[in-house]
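Inside the fold
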Amino acid sequence: MSLVFKQIRLYAKLTLFIALALVVGLVVYKNRDHRVTVWFFATYESINVLWLMLCTAGATVVTWWILALTRTVWRDMKVMFREQERQREQDEIERRKKEITEAEKRIDRKIKTALHDDNEADKEDA
């Protein structure tokens, strides 16, 4: 049964693709002789409509690409800032670990010194 659905889906896509190609072909055929005057920071007269449509489509694709690239760069910047913050926190944790280890060593030395001094005082008293 799954194969039947795959075939139906494939034929539906093929039909849609052919219909789209026919629509594009019809638009190109019907507009091949039309000309238009366009203002784009200057007046351009008697431009073929097909060239205008092609330029508009190209500009749309380029704009979409730039926006997608901008979104990707923005997302990468957010990830980088999060990683920098995480690294800063890790460095802070490591610094605190070293401080605590150093403090423990100082306490251990003081305790050993105190015990050693206490043992020598007991020996002198005896």
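Model, not experiment: these values are computed from the prediction. (Residues numbered from 1 in each chain as written. Predicted model: local features only at pLDDT ≥ 70, side-chain atom pairs only at ≥ 80, totals over all residues. Heavy atoms only, no water.)

**A short note on the side chain of asparagine 48**
Tracing the backbone shows asparagine 48 in strand β2 (residues 43–48). Residue classification places asparagine 48 among the buried residues on the basis of a relative accessible area of 14%. Among the polar contacts made by the side chain of asparagine 48, one reaches the main-chain amide nitrogen of leucine 50 at a distance of 2.9 Å. (Helix = DSSP H or I, 4+ residues; strand = E, 2+ residues; numbered from the N terminus. Buried < 20%, exposed > 50% of the residue type's maximum accessible area, 1.4 Å probe, protein only. Polar contact = N/O pair within 3.5 Å; in protein donor to acceptor, adjacent residues only side chain to side chain.)

**Some thoughts on the side chain of asparagine 31**
Tracing the sequence through the fold places asparagine 31 in the loop between α1 (2–30) and β1 (35–39). Using a relative accessible area of 17% as the deciding quantity, one classes asparagine 31 as buried. Leaving out residues up to four positions away in the same chain, asparagine 31 has contacts with Asn48, Val49, Leu50 and Met53. (Contact = heavy atoms within 4.5 Å.)

**Here we look at the pairing of β1**
Walk down a regular strand and you will see the side chains alternate between the two sheet faces. Direction of pairing for β1 relative to β2: antiparallel, over a ladder of 4 bridges. Across the sheet, the residue bridging to valine 38 is tyrosine 44, located in β2. (Pairing = 2+ DSSP bridges.)

**Some points on the packing of aromatic side chains**
Throughout the structure, instances matching the rule amount to 2 aromatic pairs. Here the aromatic rings of tryptophan 39 and phenylalanine 41 are separated by 5.5 Å at their centres, their planes lie at 50°, and the arrangement is tilted. Phenylalanine 41 shares its class with tryptophan 39; the two are exposed. Ring centres of phenylalanine 40 and phenylalanine 41 lie 5.0 Å apart, and the angle between their planes is 70°; this geometry places the pair in the edge-to-face category. Like phenylalanine 40, the residue phenylalanine 41 is exposed in the burial classification. (Phe/Tyr/Trp six-rings, centres within 6.5 Å; stacked < 30°, edge-to-face > 60°.)

**A closer look at α1**
With 29 residues, α1 should reach 42 Å at 1.5 Å per residue; the first-to-last C-alpha distance of 42 Å fits that figure. Of all 29 residues making up α1, only 0 are buried, and the element is barely covered by its neighbours. (Expected span 1.5 Å × (residues − 1).)

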